[in-house]
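# Topology and contacts: notes
The chain contents come next:
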Amino acid sequence: MSAPEPRAARHLLSVADLDAAAVRRILDTAVEMQEVQRRQVKKIPTLRGRTVINLFFEDSTRTRSSFEIAGKWMSADTINITGKGSSTSKGESLRDTALTIAAMGVDAIVMRHGASGAAHQVARWLDELGTGTSVVNAGDGTHEHPTQALLDAYTVERRLGSLDGRHVAIVGDVTHSRVFRSNLLSLAMLGAQVTVVAPPTLMPSGASAWAERDGFTLSHDLDAVLAGEVAGGVPDVLMMLRVQRERMSGGYFPTPREYTIGYGLTRDRLAAFTAASPHGVICHPGPMNRGLEIAADAADAASSLVLDQVSAGVAVRMSVLYHLLASEEGASA
Amino acid sequence: MADMPRPDSTIDAREVLSESDIARALKRIAHEVLEQSRGADDLVILGIPTRGVELARRLAALITEIEGREVLAGSLDVTMYRDDLRAQPTRAAQETQIPGGGVDGLVVVLVDDVLYSGRTVRAALDALADYGRPRAVRLAVLVDRGHRELPIRADHVGKNLPTSHSERVSVRLRGYDDEADSVTISGGAR
Amino acid sequence: MSAPDTDLLIAGARVAGGATDVLVRGGVVVALGAEATAEAKGEPARLDGDGLDLLPGLVDVHTHLREPGREDAETIATGSAAAAAGGFTAILAMANTTPVTDTAENAERVLDLGRAAGLVDVQPIGAVTKDLGGSELAELALMHRSRAAVTVFSDDGRCVADPRVMRRALEYVRAFDGVISQHAQDPDLAGPSACCDEGELSGRLGLPGWPAAAEASIIARDAELSLLTGARVHVAHVTTAEGVEVVRWAKARGARLTAEVTPHHLALTSDLLRGYDPVYKVNPPLRPDEDVAALRAALADGTIDVVATDHAPHARHDKEHAFVDAAFGMLGLETAFAVVHDLMVRTGEMTLADLTRVMSTAPARLAGLSAAGHGGLIEVGRPANLVLVDTEAPVTVDATRSASLARNNPWHGRTFTGAVRATVLRGRITYSPQPTTDPEVTA
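Treat the numbers as computed from the prediction; the structure is a model and nothing was measured.

Per the secondary structure count, chain B includes three helices and eight strands. When the helices and strands of chain B are read in sequence order from the N terminus, they spell out β-α-β-α-β-β-α-β-β-β-β. Relative to the globule expectation of 16 Å for 190 residues, the C-alpha radius of gyration of chain B, 17 Å, shows essentially globular dimensions. Taken along its principal axes, the extent of the C-alpha atoms in chain B is 55 × 40 × 30 Å. Taking all 190 residues of chain B together, 39% fall into the buried category. The long-range fraction of contacts in chain B, counting pairs at least 24 apart against all pairs at least 6 apart in sequence, stands at 69%.

In terms of regular secondary structure, chain A is built from 12 helices and nine strands. Scaling as 2.2 N^0.38, a compact globule of 333 residues should have a C-alpha radius of gyration of about 20 Å, and chain A matches this with 20 Å. Its C-alpha atoms put chain A at 65 × 45 × 35 Å along the principal axes. Burial analysis of chain A (333 residues in total) assigns 53% to the buried set. A separation of at least 24 residues holds for 80% of the contacts in chain A among residues at least 6 apart in sequence.

Residues and elements named next belong to chain B. Read from one edge of the open sheet, five strands run 3-2-4-5-6, paired in parallel fashion. Lying at the two open borders of the sheet, with one neighbouring strand each, are strand 3 (72-75) and strand 6 (156-160). The mean inter-strand angle of the sheet, taken between neighbouring strand axes irrespective of direction, is 25°. On top of the sheet, helix 2 (residues 51-67) reaches strand 2 (43-47), strand 3, strand 4 (107-115) and strand 5 (136-144); it is set at about 150° to strand 2, its chief contact. Here helix 3 (residues 119-129) sits on the sheet and contacts strand 4 and strand 5; the angle it forms with strand 4, its principal contact strand, is near 155°.

In this section: the domain arrangement of chain A. All names here are of chain A. When its domains are assigned, chain A resolves into domain 1 (15-144 + 313-323) and domain 2 (146-310). Contacts between the two partners involve 20 residues from domain 1 and, on the opposite side, 20 residues from domain 2. Listing elements by their share of the side of domain 1 that touches domain 2, those giving two or more residues are helix 1 (20-37), strand 4 (134-140) and helix 12 (306-325).

Okay, the interface of chain A and chain B next. The interface of chain A with chain B comprises 19 residues on the first partner and 16 residues on the second. Secondary-structure elements contributing two or more residues to the side of chain A that touches chain B are helix 1 and helix 12 of chain A. At five residues, helix 1 of chain A tops the list of elements feeding residues into the side of chain A that touches chain B. Among the residues making up the side of chain A that touches chain B, the classes are represented as six nonpolar, six polar and seven charged.

A word on the interface of chain A and chain C. Chain A puts 24 residues into the contact, and the matching count from chain C is 21 residues. Every element with two or more residues in the side of chain A that touches chain C is listed here: helix 3 (94-103), helix 4 (118-129), helix 6 (178-189) and helix 7 (207-214) of chain A. Grouping the amino acids of the side of chain A that touches chain C by side-chain chemistry returns seven nonpolar, 14 polar and three charged.

This paragraph deals with the UniProt feature "binding site: L-aspartate" (unreviewed entry) in chain A. The feature "binding site: L-aspartate" (unreviewed entry), as given by UniProt, occupies Lys90, Arg178 and Arg242 of chain A in the numbering adopted here. Relative to the helices and strands, Arg178 of chain A resides in helix 6. On the neighbour-count criterion, Arg178 of chain A (21 C-beta atoms within 10 Å) is buried. Leaving out residues up to four positions away in the same chain, Arg178 of chain A has contacts with Gly139, Asp140, Gly141, Thr142, His143, Glu144 and His145 of chain A together with Gly206 of chain C. Along the chain, the position of Arg242 of chain A falls in the loop between strand 8 (237-240) and helix 9 (256-263).

All names here are of chain B. Read across the open sheet, the three strands follow the order 1-8-7; overall the sheet is antiparallel. Where the open sheet ends on each side, the last strands, each with one partner, are strand 1 (14-17) and strand 7 (167-172). Between one strand axis and the next, the sheet turns by 30° as a mean value, whatever way the strands run. Relative to strand 8 (residues 182-187), strand 1 runs antiparallel, the two being bridged by three bridges. Pairing of Leu17 across the sheet is with Val183, part of strand 8.

Time to look at helix 3 (residues 104-117) of chain C. Helix length check: helix 3 of chain C (14 residues) gives 20 Å between terminal C-alpha atoms against 20 Å at 1.5 Å per residue, within 8%. In this fold, the buried residues of helix 3 of chain C make contact with helix 2 (76-85), strand 7 (88-93), strand 8 (121-124) and helix 4 (140-145) of chain C.

Turning our attention to the UniProt feature "domain: Phosphoribosyltransferase" (unreviewed entry) in chain B. Cross-referencing UniProt, the feature "domain: Phosphoribosyltransferase" (unreviewed entry) maps to residues 15-156 of chain B in the present numbering. Regarding residues 15-156 of chain B, the helix share stands at 33% and the strand share at 22%, and the terminal C-alpha atoms are separated by 21 Å.

Another aspect to go through is the nonpolar core. Ranked by size, the top nonpolar core spans 301 residues in total, and within it Ile109, Ile170 and Leu321 of chain A together with Leu59 of chain B carry the most contacts. Here this core gets 10 residues from one element, more than from any other, and that element is helix 12 of chain A. In this structure Leu59 of chain B touches Leu26, Ile29, Ala30, Ile45, Val111 and Ala140 of chain B, once residues within four positions along its chain are discounted.

Moving on, we get to the UniProt feature "short sequence motif: PRPP-binding" (unreviewed entry) in chain B. UniProt annotation of "short sequence motif: PRPP-binding" (unreviewed entry) refers to residues 108-120 of chain B when read in the numbering used here. In this annotation, residues 108-120 of chain B is assigned 15% helix and 62% strand; the end-to-end C-alpha distance for the span is 16 Å.

The next point concerns the pairing of strand 4 of chain B. Residue and element names in this part refer to chain B. Buried residues dominate strand 4, accounting for eight of its nine residues. Relative to strand 4, strand 2 is paired through five bridges, and the arrangement is parallel. For Ile45, the partnering residue across the bridge sits in strand 4 and is Val109. Sheet analysis places strand 4 next to strand 5, joined by eight bridges and oriented parallel. Residue pairing across strands places Asp112 opposite Val141, the latter belonging to strand 5. Taking the sense of rotation as the criterion, the β-α-β connection linking strand 4, helix 3 and strand 5 turns out right-handed.

It is worth spelling out unusual backbone geometry at this point. The linkage connecting Gly286 of chain A with the following residue, Pro287 of chain A, adopts the cis geometry, with an omega of -10°. Relative to the assigned elements, Pro287 of chain A resides in the loop between strand 9 (281-283) and helix 11 (296-299). Pro68 of chain C follows Glu67 of chain C through a cis peptide bond whose omega is 5°. One non-glycine residue with positive phi stands out, namely Asp178 of chain B, at about 55°. Locating Asp178 of chain B in the fold gives a position in the loop between strand 7 and strand 8. Judged by the 8 C-beta atoms lying within 10 Å of it, Asp178 of chain B is exposed. Of note in the backbone geometry, Leu132 of chain C takes a positive phi value of approximately 55° without being a glycine. Considering the arrangement of structural elements, one finds Leu132 of chain C in the loop between strand 8 and helix 4. By the C-beta count within 10 Å, which is 19 here, Leu132 of chain C ends up partly exposed.

All names here are of chain A. Packing of helix 1 against helix 5 (residues 146-160) leaves a shortest axis separation of 10 Å and a crossing angle of 60°. What the angle tells us is that helix 1 and helix 5 run oblique. Crossing of helix 1 over helix 5 shows right-handed handedness. Touching Val23, Ile26, Leu27 and Ala30 of helix 1 are Leu150, Ala153, Tyr154 and Glu157, all from helix 5. Tallied by class, the residues present in the contact of helix 1 with helix 5 amount to seven nonpolar, no polar and one charged.

Most contacts, among the two pairs of chains that meet, fall between chains A and C. Where chain B comes nearest to chain C, the C-alpha atoms are still 28 Å apart, and the two do not contact one another.

Before going further, it helps to spend a moment on the environment of Gly114 of chain A. Note that Gly114 of chain A resides in the loop between strand 3 (108-113) and helix 4. With 29 residues separating them in the primary sequence, Gly114 of chain A and His143 of chain A have C-alpha atoms 9.5 Å apart.

Its place among the elements puts Glu293 of chain A in the loop between strand 9 and helix 11. C-alpha separation for the pair Glu293 of chain A and Glu35 of chain A, spaced 258 residues apart in sequence, amounts to 33 Å.

About the cut-offs
- Residues numbered from 1 in each chain as written.
- Chains lettered and ligands numbered in written order.
- Predicted model: local features only at pLDDT ≥ 70, side-chain atom pairs only at ≥ 80, totals over all residues.
- Helix = DSSP H or I, 4+ residues; strand = E, 2+ residues; numbered from the N terminus.
- Rg over C-alpha atoms; globule rule 2.2 N^0.38 Å.
- Buried ≥ 20, exposed ≤ 12 C-beta atoms within 10 Å, placed from the backbone.
- Contact = placed C-beta atoms within 7 Å.
- Pairing = 2+ DSSP bridges.
- Axes fitted to C-alpha atoms, helices over the stretch in contact; angles between N-to-C directions.
- Domains from an automatic or database assignment.
- Nonpolar A, V, L, I, M, F, W, Y, C, P; charged D, E, K, R; others polar.
- UniProt positions renumbered as here; feature names shortened; annotations may be inferred.
- Expected span 1.5 Å × (residues − 1).
- Core = buried A, V, L, I, M, F, W, Y, C linked by C-beta atoms within 7 Å.
- Right-handed = clockwise from strand over helix to strand, strands pointing away.
- Parallel < 35°, antiparallel > 145°, perpendicular 65-115°, else oblique.
- Left-handed = near helix turned anticlockwise from the far one by under 90°.

See the structure below:
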């Protein structure tokens, strides 16, 4: 028997690697994967014999276990590797770490790294050597987190139907948010209108030029956005972003109190949002700082999709692994 | 040397089953199923996407009409169970919908449009096992074109259609294809 | 380095426009024109200059050699070879080695290693502050009085950010007309992991950046300090349109301020960072198109005085980290002439004489190397520090064929017009890809 031809690796590094049709395929398949999740025997043979390494340089119990469960339910062998401190040039280089793992013959590396672009670099190094190993970006620094954006879209669509024509407000620490950057791309593909709300110090650099080029709206006034005083009117979806603890001492805003009053989804704002947008929903990628960016009432409200997001995470990641790994022939239209 | 089959070409397509042929075949199969199962008790009809689902729906309606009691139809997607995933482009998974929520102790009739290598049916049996333990599983197909690669045979066949590998059998169903029901055959060595 | 015993005859090259012959004996130009051929003794070594231009050897006021400390990335010998291949006859070695060049002894060691290599004059730059710490002055005057005669001081890689330290350093070096080469970048205007230009692209890529204001504000401050102290400030690698404007303003006010630009900031833009390839990671960072255009204009109109390479070799593994963790810097010595010629001269923005000014004469004067025979006119009696260039030849850069030990070459695969054909240091051919009749060189 001759050795199989090495397959051209497919990666999911950025939502930009997908087109609208591919996003749709992933979301459609995720619906069926969620059905597997409801079965008594949660196991399908789709990725039997495939090996998926979860290479996490940055701790994230939620994302790592979600990928691990997704792989296991599809019968892939999933192994977790925790990368050591990567910020020093003294230790093993990122390239060596990635090549060592790929050399074991694994099919995919699901990678979380604290540095923006790390997954892109690893994918390029592996491609240069023709290892055929797929790379899935499970969060790279403050750049992207594509599966989070896909599961956000999935969750919202399950509740609201299509995202086409919907207005989504993304609120909070935008500049440091990989969830924001991935969502911006996927929401555009799915036809949603986006407003980005943040204090000026937490807007990404070059935000005005970026917003103009990509057609989204910027605001520093959450109440005006909730009142529908921006393009798109009252939002259908509020995506609250996590404020990293370490930002609080970084001089980005004076005090947590001032942040909450300006940009938190407080009880009063929840009431205003519910009144203005009765069908409206609230998302948060977690983990939440209750009382800072989101009040407990809002996190637990009927309109909150926070737990649905976690549950959808496994199904969406199963779908992603299926589309990346099941075939050696790419995806059909 | 044989011509290559021309996919989607209708120029040389010839119809082997007409709309009325298909209706008659399904009616016959409905009677056969009832005969073999000794009635409609504990019967569930599951179509394999995509066209098997429409056939299952029709079959269940026919049986319901004959027996005067409702027999339920559903769908069973086999995408994730296929043994040729590596060689095919991935497709979005299709819906699986098991009426009543389970298959334990029931007689399941799997319905597909064309029986060929038998690999789809093998995948369907694996998929079905993950939903429970039916009392019996039967297989109904509209067309059996031969060339089995696995020890699988159909219990109910609309039409046996000897074909060559290079021929292409296409099934069109009203309600799914926006066309009149038909089975045509095209391509092949000439 | 002793001069070769045999004569060197450079035949038929254009010197300042007209084709002529140049005879070199004892390391010095002894005759030009018809006399040169007539005076040549015995069998002189020959360089065929037909169709080529002969320029004074190039001088780089900003080179990183990694010796001592990181000889796996570059040694003084390999860096010297890269410099000779790039047409340079003198280079200034930055102080950020291990140990730092912050004492007379360390400076003399660099000088001696350069002489031992013998391919270019290696002139050490002294650190401004001890161990580049930014707080205590290094032994500036002792370095100046050493055999290395250090006149340029820099903490390059780091900005001398503390205004009081910068003021004291300027006051101190004024006594011997020293110059401080400043890495103009306020570290407090960006996070500790800043690694690129701050703008729309860094926002999209999620990379922390330096705003142009971090550069411009330090240049403005140092211009004021130069006016206050009367001392010379040299702005290393200007990268922004804002920085250029402040340089222009400072000169108009009469500050003793000079400025340099690197070939990579003249040619490469921040767009290259889209693929997160660390080969394009450099400090100060690549900037957008508008800045690049402003830098070219400022070099052409004389606002920017010199081109310097900021040649920064790195061991391969130091570049194979995540982008924010990878080492800063890129190679530049071997490609500088081709890039600047292609971008500035071939396009008509500058003449070859302008290029000679910004890559040889002005940097030699800045570094106090004119008296040692670098830069300036090619005339009888001057040391023969020369470079022979072909302004018509295309050069395609191949990173694997480099005299440098390092391979962090951003120019790989690019083609430029303008090739170095030979480099001559005090009459000795230090680089020549062509066969010559000199048995010592071909041996």
